[in-house]
Amino acid sequence: MKKSIYIGLFLFLSYSSFGQADTSKIEQYCQVIATPRLLSNKVTIDIDFGEEKSFWRDTRLKTYDGRLKKFNTIIDALNFMGKEGWLFINAYPVRDNQTEIYHFAFRKLFSKSEIEGLR
């Protein structure tokens, strides 16, 4: 009996000693979209993380205390993304009638465990 306990303990310890954490990184992307407001100098900022949009679920960006995150200017939104660790890739305007909508692309490296925890 003792022999089988020792063998089981040895096999368990040798198996767990070879287990390593997965440290591989996954690159994720997001897009900041700045749309001018009608009859105003201000813009509406939308951040697209690629999540599914739903009429029933509020996917708007919120602060850590649960309030809706609002930005004063485009630069305020870009600075926010930089503070969160996102790296700027590219910016391009899209013309819609007389309005130019600006798109800013960002990327960030995440560990696999962070990505799996978000899903």
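Everything below is about the structure printed above this text.
The sections below set out a description of the structure shown in this document. In this convention, every chain numbers its residues from 1, walking through the sequence in written order. Totals for whole chains, interfaces and linings use all residues, but because this is a predicted model, local features are given only for residues with pLDDT of at least 70 and pairs of side-chain atoms are given and counted only at 80 or more. Note: side-chain values were computed over all heavy atoms of the structure, leaving out hydrogens and water.

## Considering the environment of K53
Among the secondary structure elements, K53 is positioned in the loop between β2 (43-48) and α2 (74-83). For the exposure calls, accessible area comes from a 1.4 Å probe over protein chains only, and a residue counts as buried if that area is under 20% of its type's maximum, exposed if over 50%, partly exposed in between. Judged by its relative accessible area of 45%, K53 falls in the partly exposed class. Whether two residues are in contact is decided by their heavy atoms: any pair within 4.5 Å suffices. Residues within four places of K53 in sequence aside, it is in contact with D46 and T59. Only DSSP runs of H or I reaching four residues or more are called helices, and only runs of E reaching two or more are called strands; each is numbered from the N terminus.

## Points about the nonpolar core
If you look at the biggest cluster of nonpolar residues, it comprises 15 residues, and the most contacted ones within it are V32, I45, I47, F71, M81, W86 and F106. Among the secondary structure elements, those contributing two or more residues to this core are β1 (25-36), β2, α2 and β4 (99-111). Setting aside chain neighbours within four positions, we find I45 in contact with V32, I33, A34, F71, T73, I74 and A77. The nonpolar core is taken to be a set of buried Ala, Val, Leu, Ile, Met, Phe, Trp, Tyr and Cys residues, with the residues joined through side-chain atoms within 4.5 Å.

## Some remarks on the environment of L78
Tracing the backbone shows L78 in helix α2. Sequence spacing of L78 and V32 is 46 residues, and the spatial spacing of their C-alpha atoms is 8.0 Å. When residues no more than four places from it in sequence are discounted, the contact partners of L78 are F104 and F106.

## Concerning the pattern of salt bridges
Just to be clear on terms, a salt bridge is a Lys or Arg side-chain nitrogen sitting within 4 Å of an Asp or Glu carboxyl oxygen. Under the counting rule described, the total for this entry stands at three salt bridges. Among the salt bridges present, the one from R67 reaches D65, with a minimum N-O distance of 3.3 Å. Summarising the burial analysis for this pair, R67 and D65 share the class exposed. E100 is paired through a salt bridge with R95; the nearest N and O atoms lie 3.0 Å apart. Judged by relative accessible area, R95 falls into the exposed class, the value being 52%.

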